[in-house]
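Structural overview
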Amino acid sequence: MMSYLLSLFKCRELIFGVFVVLAGCATRSVTTQSDGAQANPTDRLSGLILADLKSWCINGRSVARYNDSGWQASLRWCVDNDKLTLDISGPININRVFIRYLKGELWLQVSSSEVTISRSPQQLLQSKLGFSVPLTSIRYWLLGIAEPSQTAHVRVGKDGYNEQINQSGWSIDYSQYQAVNQFMLPRKIKINKDRIRLKIVVDEWEINR
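From a predicted model like this one, the values you see are computed outputs, not experimental measurements.

Turning to the state of the cysteines, a few remarks are in order. Evaluated as defined, the whole model comprises one disulfide. A sulfur-sulfur distance of 2.2 Å marks the disulfide that ties Cys57 to Cys78. Here Cys57 and Cys78 share a disulfide; its torsion about the S-S bond, 115°, makes the bridge right-handed. Taken together, the residues Cys57 in strand S2 (residues 55-66) and Cys78 in strand S3 (residues 69-80) connect sequence positions 21 residues apart. Overall, Cys78 belongs to the buried group, its relative accessible area being 14%.

As enumerated under the stated definition, the model contains seven salt bridges in all. Across the pair Glu206 and Arg76 runs a salt bridge whose closest N-O atoms are separated by 3.1 Å. Placement of Glu206 in strand S12 (residues 196-207) and of Arg76 in strand S3 is noted, with a sequence separation of 130 residues between them. Overall, the relative accessible area of 22% leaves Glu206 in the partly exposed class. Accessibility expressed as a relative area gives 33% for Arg76, which makes it partly exposed. For Glu163, the salt bridge identified is with Arg155, shortest N-O distance 2.9 Å. The exposure class of Glu163 is partly exposed, given its relative accessible area of 32%.

Mapped onto the secondary structure, Glu147 falls in the loop between helix H4 (138-142) and strand S8 (152-156). Each C-alpha atom of the pair Glu147 and Ile165 lies 9.8 Å from the other, and the pair is 18 residues apart in sequence. Separated by 3.2 Å, the side chains of Glu147 and Gln150 make a polar contact.

With that settled, consider the packing of aromatic side chains. Given two aromatic rings, one states the distance between the centres and the angle between the planes to describe the pair. For the structure shown, the criterion picks out five aromatic pairs. When the centroid spacing of 5.4 Å and the interplanar angle of 45° are considered together, the rings of Trp56 and Trp205 count as tilted. On the criterion of sequence distance, the pair formed by Trp56 in strand S2 and Trp205 in strand S12 is long-range, its members being 149 residues apart. We classify Trp56 as buried; its relative accessible area is 0%. When the centroid spacing of 6.2 Å and the interplanar angle of 45° are considered together, the rings of Trp141 and Trp170 count as tilted.

Quick notes on the rules
- Residues numbered from 1 in each chain as written.
- Predicted model: local features only at pLDDT ≥ 70, side-chain atom pairs only at ≥ 80, totals over all residues.
- Heavy atoms only, no water.
- Disulfide = S-S within 2.5 Å.
- Helix = DSSP H or I, 4+ residues; strand = E, 2+ residues; numbered from the N terminus.
- Buried < 20%, exposed > 50% of the residue type's maximum accessible area, 1.4 Å probe, protein only.
- Salt bridge = Lys/Arg side-chain N within 4 Å of Asp/Glu carboxyl O.
- Polar contact = N/O pair within 3.5 Å; in protein donor to acceptor, adjacent residues only side chain to side chain.
- Phe/Tyr/Trp six-rings, centres within 6.5 Å; stacked < 30°, edge-to-face > 60°.

In structure tokens:
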């Protein structure tokens with residue numbers, strides 16, 4: 001019984017991490033405020049192009065903490081137009097989680113369990129985790145830009161790239177970028193709000209446009 005309860009606890013922790021890094025798909029205008037170094041017109045144009053990217057993947061690692069719980073996992077997260085897929089697993093593929101999100105419908109499978117399908121993603125998050133996360137924001141945050149349609153406070157670093165984004169109560173910090181094709185994309189990202197702490201290290205970007 002104890003081992004069964006421990007397994008359920010680990011699955012809950014891993015699901016927490018999955019949903020923290022989930023994002024939906026939308027492209028709209030954004031109102032931002034900036035301080036620090038000012039991005040030049042080329043930087044702003046690059047941001048607009050990034051927001052319009054339709055197909056890309058990241059391979060990397062994540063560390064998450066919520067209250068007194070925490071975990072580490074590898075992840076592969078892909079966006080293809082309106083479809084999102086996320087494959088995340090702990091050490092030696094323990095408690096592997098697969099996610100598919102398409103047109104408001106969320107599919108979730110933990111290890112070899114049955115697939116859970118919901119057309120109310122926020123409600124599913126609330127039922128699984130006890131809180132909800134922004135499904136339409138983290139897609140853009142991973143690209144190093146604020147989500148369109150919502151006001152954000154953006155701090156630009158001396159190199160002209162976004163150093164911090166504050167949006168919808170979340171704080172996103174960028175400590176390292178990497179060159180990918182014609183873009184400079186984040187490599188190390190921290191996403192925080194209240195008792196949620198998430199760190200993502202991107203080992204590889206795949207840009208398909």
